[in-house]
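# Residue-level structure breakdown
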Amino acid sequence: MKLVSFPCSLFAIILASAILHGQLERPNIVWICGEDLGAQLSPYGEHHARHADTPNIDRLASQSLTYNIAWSNFPVCRPARTTLAMGMYAESLGGQHMRSVVAPPTGSKMYSQILREAGYETINHGKEDYAVEKTGMLWSSEDDLSNATQPFFMKLQDGKLHEGGIRAKMKELKGENIPRYDLPGFHPDIPEMHRAWHALYQRIEEFDSKIGKWLKTMEQQGLMENTIIMIWGDHGPAIARGKRYTRDFGLRVPLIIYIPEKYRAELAPEDYIPGGISDRPVSFVDVGPTMLSLAGIEPPEIMQGEPFMGVYAKSPNQYVFGARGRMDERIDMIRTVRDQRYQLMRNYMPHLPYGQHVETLFKNEVMVPWQKLSEAGEIGPPPSLYWKQKPPVELYDLEKDPDQINNLADDPQYRSIRDRLMTALHKHQETIRDTGFLPEAQIHTRPAKGQSPYDWAQSSEYDLKRIRTIAELAAGYNMDAVPKLLASLDDDELAIQYWAALGLLIRGGNAVNPHLNQLRSFVETDAAPTARVAIAEALVRYGKADDQASGLATLLELADASSASSDQHVALAALNAIDRLDGAALPIYEELKMIKTKSYPKRVMSSKLLPDLEKLLEK
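If you're wondering where the values come from, they're calculated on a predicted model, not measured in any experiment.

## Let's talk about the sheet that holds strand β4 (residues 121–125)
- One open sheet holds the seven strands; their spatial order is β4-β5-β1-β6-β7-β2-β8, and the pairing between them is mixed. Because the sheet does not close on itself, it has two edges, and the strands there are β4 and β8 (276–278). Strand-to-strand twist of the sheet, defined as the mean angle between neighbouring strand axes without regard to direction, takes the value 15°.

This is the structure in structure tokens:
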């Protein structure tokens, strides 16, 4: 009989008590993480095995359960790791934006704190990188396996797969004879792309060699028979349209879990077969609670994930969810959901291309030729679509179309699937109280002093459903929405003002030109600053000389993070707008350089209008 069938049974309670009180030996737990490692390992396809020789991963996988549908919830490290560490979605915490930091919810703890308090030695061998402030002691030490006392939880990490490591490997490979790869349909067939894939697989082989050394150490110390081992990556690979992007390629990660034979009857799920593959959808939000469950600890109620192994294992989820917020200096908002076969994506800022110029991403030598060749018409769709506006909704059949080329969102035959997944996404947003429907500035300013965004968003002050109604209306191109959007500019709810303004900007000149007087008056008021940014950009793009002057003056005002009407998040939004305006913003260039910018986020930059802006902002 498998325990997973009776998560709340008396048997589960007795077993948990036995583990915690030492009557049943508690397992050690070791995590082995490859940074920026997607599901490009041999257990996930024979074609990966052809390109990378990974005997150590393969050997462990032959004794483990491999999760075929494992998502990181976020396609970039900090919010992904935050979700995993807290057992809570980063967008519920207000920590979805890259490099942001927020206060933790009242009464919350990270999984490592809970394990340590339960008697585990907790050892961190690698980076942390969380979007919530740390409270209390997370780790017992940063030692290695040779000094661990049992029971222990240890996180081992390899950073060579990180995008910096991939870039370095690509430089090493320059001039070598690189094999041609069967590229995904969304990648351009250029030499740099083949070299990027070759660099990735070479780094995977190096990762496998490091895993072999770690496993050998555990075997020599006799730890394999009482240590649960998990191999994982923190999000999709550091290849363009992987990391930072919310398609399956950017969210799907390896998750290989080895449970020693002595623990399988009590702790393994029903589908655990050595060398087996599970199609149960799991995601990072579930991993922390699962580790607690394996240690015989009931996950706290505040955790939003559900254990898929151990004493407190729950029934399988039907869906997993993903999200994207700001990536360094570039703003975007995407939410996504998938089941075993289909993925739906909701693009709340469809006017922004996938290929926004993120400084760190553009250090990869693939990006510039891809963009230039696409703009010159030498690369066509689907790779060229990376540089275009996004559709409001995307739907893909991952079984028939794993590269996600054929968008089925507007196909009548798939309407019921689209509706089912959209309903699941909306229910999820309401359950976790997704803070992404607030502009980033409001995430930090609307909670009371000392109050976390999560705690504030759980209250009635956050009118999520009403705000989301306008956000759903705004995030599209239909002109029928214009009257409602115009009227919503006067709403008392600041977030509704923001989405109404954004919706008009998304629709372009046909929505803006007939209402220039009203919009010019709006930017001259004390309305929501981020709403003023959107309308100011619209005035510069589509207005007459007076409108453009008013819009530029507003953007200049709000780009000053030290002004009374701005802060660093509003200023970042204004700088993004200025950058998108290209030459139309040149009249304020000299004044912009005079602004004191020391409070801006460090990674703000501009590639077209202000090529030296990054250096200016660092002063």
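## Looking at the pattern of salt bridges
- Within this structure, the stated rule accounts for 39 salt bridges.
- A salt bridge links Glu117 to Lys109, with the shortest nitrogen-to-oxygen separation between them at 2.8 Å.
- Its relative accessible area of 36% is what places Lys109 among the partly exposed residues.
- Across the salt bridge formed by Asp189 and Arg180, the nearest N and O atoms sit 2.8 Å from each other. Across this residue pair, the class does not change: Asp189 and Arg180 are exposed.
- Linked by salt bridges that have partners in common, Glu35, Arg78, Arg99, Lys127 and Asp129 make up one network.

## Re the packing of aromatic side chains
- Tallied over the entire structure, the rule returns 24 aromatic pairs.
- Arranged with centres 6.3 Å apart and planes meeting at 65°, the rings of Tyr342 and Tyr414 form a pair that is edge-to-face. Taken together, the positions of Tyr342 in strand β12 (residues 342–347) and Tyr414 in the loop between β13 (393–397) and α13 (415–432) put the pair 72 residues apart, joining distant regions of the chain. Note on accessibility: Tyr342 and Tyr414 belong to one class, buried.
- Look at Tyr348 and Phe437: their rings are 5.3 Å apart centre to centre, the planes differ by 85°, and that puts the pair in the edge-to-face class. Of this pair, Tyr348 sits in the loop between β12 and α12 (367–375) while Phe437 is found in the loop between α13 and α14 (440–445), placing the two residues 89 residues apart along the sequence. Per residue, the accessibility class of Tyr348 equals that of Phe437, and both read buried.
- Between Arg241 and the ring centre of Phe186, over which it is positioned, the NZ or CZ distance is 3.5 Å.

## A few points about unusual backbone geometry
- Note the cis peptide between Pro381 and Pro382, where omega equals 5°.
- Among the secondary structure elements, Pro382 is positioned in the loop between α12 and β13.
- For Asp36, which is not glycine, the phi torsion reads 55° and is therefore positive.
- Within the secondary structure layout, Asp36 lies in the loop between β1 (28–34) and α2 (46–51).
- At Asn73, a position not held by glycine, the phi torsion is positive, near 75°.
- Summarising the element assignment, Asn73 is placed in the loop between β3 (70–71) and α4 (77–86).
- With relative accessibility at 1%, the residue Asn73 sits in the buried group.

## Quick notes on α4
- With 10 of 10 residues buried, α4 is to be regarded as a mostly interior element.
- Listing the buried residues of α4 in full gives Cys77, Arg78, Pro79, Ala80, Arg81, Thr82, Thr83, Leu84, Ala85 and Met86.
- Those residues of α4 hidden inside the fold are in contact with β1, α5 (90–93), α6 (111–117), β5 (152–158), β6 (227–233) and α11 (284–294).
- Where α4 ends, the next residue or the one after it, Gly87, has phi of about 65°, a positive value.

## Quick look at the nonpolar core
- Ranked by size, the top nonpolar core spans 114 residues in total, and within it Trp31 and Leu255 carry the most contacts.
- A per-element tally of this core places helix α8 (residues 191–220) first, with 12 residues.
- With residues up to four places along the chain from it excluded, the contact list for Trp31 reads Leu84, Tyr111, Phe153, Met154, Lys155, Leu156, Met230, Trp232, Val287 and Met291.
- Grouped together as the second largest cluster of nonpolar side chains are 64 residues, Met349, Leu486, Ala511 and Leu592 included.

## Digging into the side chain of Ser42
- Looking at the secondary structure, you find Ser42 in the loop between β1 and α2.
- On the basis of relative accessibility, which here comes to 18%, the residue Ser42 falls in the buried class.
- Apart from residues lying up to four places away in sequence, Ser42 is in contact with His48, Ala49, Thr54 and Asp58.

## Re the sheet that holds strand β10 (residues 320–324)
- Strand order in this open sheet of four strands is β10-β11-β12-β13, and the pairing throughout is antiparallel. On the outer flanks of this sheet lie β10 and β13, each paired with one strand and no other. Along the sheet, successive strands turn relative to each other by an average axial angle of 15°, direction set aside.
- Both β10 and strand β11 (residues 334–338) contribute to a ladder of five bridges, which runs antiparallel. Note that in β11 the partner of Phe321 across the bridge is Val337.
- The strands that α13 touches are β10, β11, β12 and β13; relative to β12, the one it contacts most, it runs at about 60°.

## Re the environment of Ile204
- Mapped onto the elements of the fold, Ile204 is located in helix α8.
- Along the primary structure Ile204 and Gln343 are separated by 139 residues, whereas in three dimensions their C-alpha atoms are 27 Å apart.

## Thoughts on the pairing of β6
- Most of β6 sits out of view: seven of its seven residues are buried.
- Because side chains alternate across β6, one face comprises the buried residues Thr227, Ile229, Ile231 and Gly233, and the other comprises Ile228, Met230 and Trp232, equally buried.
- Direction of pairing for β6 relative to strand β7 (residues 255–258): antiparallel, over a ladder of four bridges. Within β7, the residue paired with Met230 across the bridge is Ile257.

## Examining the environment of Gly87
- Looking at where Gly87 falls in the secondary structure, it is placed in the loop between α4 and α5.
- What Gly87 contacts, discounting residues up to four positions off in sequence, is Val285, Pro289, Met303, Gln304 and Gly305.

What counts, and at which threshold
Residues numbered from 1 in each chain as written. Predicted model: local features only at pLDDT ≥ 70, side-chain atom pairs only at ≥ 80, totals over all residues. Heavy atoms only, no water. Pairing = 2+ DSSP bridges. Helix = DSSP H or I, 4+ residues; strand = E, 2+ residues; numbered from the N terminus. Axes fitted to C-alpha atoms, helices over the stretch in contact; angles between N-to-C directions. Salt bridge = Lys/Arg side-chain N within 4 Å of Asp/Glu carboxyl O. Buried < 20%, exposed > 50% of the residue type's maximum accessible area, 1.4 Å probe, protein only. Phe/Tyr/Trp six-rings, centres within 6.5 Å; stacked < 30°, edge-to-face > 60°. Lys NZ or Arg CZ within 6 Å of the ring centre and 35° of its normal. Contact = heavy atoms within 4.5 Å. Core = buried A, V, L, I, M, F, W, Y, C linked by side-chain atoms within 4.5 Å.

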